[in-house]
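# A structural walkthrough
One-letter residues, chain by chain:
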Amino acid sequence: MKKSLVAIVLTFAGIATGQQTTTQPQTQPAAPAQTQPAASQPQQKKEIKDPAEYNAYVGAVQQTDAAAKISGLEAFLAQYPNSVMKEDALELLMGTYQGAGNQAKVMDTANRLLAANPNNVRALVLLAFNERAAASAMSAGTEEGKKAQAQKWADARQHAEKGLAAVPAMSKPDGVSDADFQKQKTQMSGLLNSVAGFAALQSKDNAAAEKYLRAAVDADPSNVENVYPLALASLTATPEDDVNGLFFIARAVNLVKDPAGKAQIIKFGHSKYVKYHGSEDGWNELLAQTATTPLPPAGFTIKQYVPPTPAEQAADLVKTKAPKDMSFAEWELVLSAGAQADADKVWTVIKGVPLQMEGTVIAASPTELQMAASQDDIDQKRADIVVTMGGTIPAKLMPKEGSTLDFEGTPASYTPTPFVMTMEKGALLTKAAPPAPKKPAPRRHPAH
């Protein structure tokens, strides 16, 4: 958690409450007064009817020494726990504790504020950021630690979401211009969206993380602490929001200052870009664009690489390679996945032609061999060729299952799915079964 961010919120609380409370003694120094509420809609005048209560409140507010103001406000709250000015006094007390550097009391007062008004935005902001900081600092090495950390993230998100819901109903304090008040609300909404989004990301609720973090980035596009998590949420969502994710990961590269961190983000972003686009073409241009463009412009897109279908691969193969020059795996691709016209071009070339091949024995009998000739089918131990032998295999030459051997056969027919080629007039090309299997040459199908 950035201390400066919390300081901004506390400054809002201190200034706003101070502007509300210090105006009253000047207008009615010795009589019950009316002040504006800190956070309620619509704005209504507050009136302290008891002169003693009024004097206690004004006396505390007018103190210039922090310790005296804290003492006076605490005494006022203890003596008048149901005062109409309770929330105002707590907000001013919270800001005064901050000025005195007493963070524990700041958080304690924030909780007291929520007890008085569950929708007090300034208290919700402080608690949300404090819980985010605590969750980030916690060790999750044990199950208990994981549960405690998860609870802190849940608390942070709950307070942030509640604060976001309460921001629109905030009332403008006296002495604050409309423009300044709107700026305060926008900044607090940005802080709350940041916490809610980061907390959602920790619980893998990527849809919510994207929503909140995008709002935070829209409010402050140069804050890498929101830009990078937004990129992660987008790129790891289900389904992935690749176009926005890649824009913001490139934007994060431009914003991060640490060289080691920048290198890691570049590596991650480049990998995601190539996977989505199919090549690195355009990656450097995206980095250059996001250096000066904080948010995706209208119509921004990145072309997604769509791998060719097996039928398209088969068509390209037939166009670029003669059937006689193809491997068995390539024949299998065309015959099993290609258009009929492409399959016919291959089959008319190899049908009835004696072929000498190497394969792995899946099963063997004296009159038939079941062989795997493509690497994919070898790995799966699935026969893609059935060879009817031209004669009986002698027992001493019977191939062992799993062994690799050279054989000859004449293609007679095939079944496209699952692919099996039937061969006739089979013959062993080795004098004896190999003593031990040897690893076949790697011949894989083109990627489907």
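Thresholds, definitions, all that
Residues numbered from 1 in each chain as written. Predicted model: local features only at pLDDT ≥ 70, side-chain atom pairs only at ≥ 80, totals over all residues. Heavy atoms only, no water. Helix = DSSP H or I, 4+ residues; strand = E, 2+ residues; numbered from the N terminus. Buried < 20%, exposed > 50% of the residue type's maximum accessible area, 1.4 Å probe, protein only. Contact = heavy atoms within 4.5 Å. Areas by Shrake-Rupley, 256 points an atom, 1.4 Å probe, with all protein chains shown as cover. Axes fitted to C-alpha atoms, helices over the stretch in contact; angles between N-to-C directions. Parallel < 35°, antiparallel > 145°, perpendicular 65-115°, else oblique. Left-handed = near helix turned anticlockwise from the far one by under 90°. Nonpolar A, V, L, I, M, F, W, Y, C, P; charged D, E, K, R; others polar. Pairing = 2+ DSSP bridges. Expected span 1.5 Å × (residues − 1). Polar contact = N/O pair within 3.5 Å; in protein donor to acceptor, adjacent residues only side chain to side chain. Lys, Arg positive; Asp, Glu negative; His and termini not counted. Salt bridge = Lys/Arg side-chain N within 4 Å of Asp/Glu carboxyl O. Phe/Tyr/Trp six-rings, centres within 6.5 Å; stacked < 30°, edge-to-face > 60°.

Moving on, we get to the overall build of the protein. When its secondary structure is counted, the protein shows 18 helices and seven strands. Across the 448 residues that make up the protein, the buried fraction comes to 45%. Contacts in the protein between residues far apart in sequence, at least 24 positions, make up 60% of those at least 6 positions apart. When the accessible surface of the protein is totalled, it reaches about 21,800 Å², and 54% of it is carbon and sulfur.

Note that Lys146 resides in helix H8 (residues 143-166). As a C-alpha pair, Lys146 and Ala135 span 11 residues in sequence and 9.8 Å in three-dimensional space.

What follows deals with the packing of helix H3 (residues 51-61) against helix H4 (residues 66-79). The geometry of a pair of packed helices is captured by two quantities: the angle between their axes and the separation between those axes. Contact geometry for H3 and H4: axes closest at 8 Å, N-to-C directions at 155°. The pairing of H3 with H4 is recorded here as roughly antiparallel in orientation. Once H3 is placed against H4, the crossing between them reads as left-handed. Where H3 abuts H4, its residues Glu53, Ala56, Tyr57, Ala60 and Val61 lie against Lys69, Gly72, Leu73 and Phe76. Its residues assigned to classes, the contact of H3 with H4 shows six nonpolar, one polar and two charged.

A word on the sheet that holds strand S4 (residues 368-372). Read once around its circumference, the closed barrel built from five strands follows the order S3-S4-S5-S7-S6, with strand pairing classed as mixed. Strand-to-strand twist in this sheet, taken as the mean axis angle between neighbours without regard to direction, amounts to 55°.

The next thing to look at is helix H15 (residues 310-320). The complete set of buried residues in H15 reads Gln313, Ala314, Ala315, Leu317 and Val318. Next to the buried residues of H15 lie helix H16 (328-337) and helix H17 (340-350).

Compared with the 24 Å implied by 1.5 Å per residue over 17 residues, the 24 Å span of helix H7 (residues 121-137) between its first and last C-alpha is a close match. Taken across its 17 residues, H7 has 12 buried, putting it largely inside the fold. If you check which residues of H7 are buried, you get Val121, Arg122, Ala123, Leu124, Val125, Leu126, Leu127, Ala128, Phe129, Glu131, Arg132 and Ala135. The N-capping residue of H7, defined by a side-chain oxygen 3.3 Å from the backbone nitrogen of Arg122, is Asn120.

One ladder, built from six bridges, connects strand S3 (residues 355-365) with strand S6 (residues 404-415); its direction is antiparallel. Note on S6: the bridge partner recorded for Gln356 is Glu408.

With that settled, consider the side chain of Ser83. As for its position among the elements, Ser83 is in the loop between H4 and helix H5 (86-99). Of note is the side chain of Ser83, whose polar atom sits 2.6 Å from the side chain of Glu53. Those residues in contact with Ser83 that sit more than four places away from it in its chain are Glu53 and Phe76.

Moving on: the side chain of Glu53. With respect to the secondary-structure elements, Glu53 resides in helix H3. In this structure Glu53 is buried but unpaired, with Lys49 as the nearest side chain of opposite charge at 10 Å.

Let us now look at the packing of aromatic side chains. Any aromatic ring pair is given by two values, namely how distant the centres are and how the planes are angled relative to each other. Following the criterion strictly, the structure yields 10 aromatic pairs and no others. Considering the side-chain rings of Tyr57 and Phe76, the 5.2 Å spacing of their centres and the 55° angle between planes classify their relative orientation as tilted. Within this pair, whereas Tyr57 is found in helix H3, its partner Phe76 is found in helix H4, the two being separated by 19 residues in sequence. Looking at Phe76, the relative accessible area reads 1%, which means it is buried.

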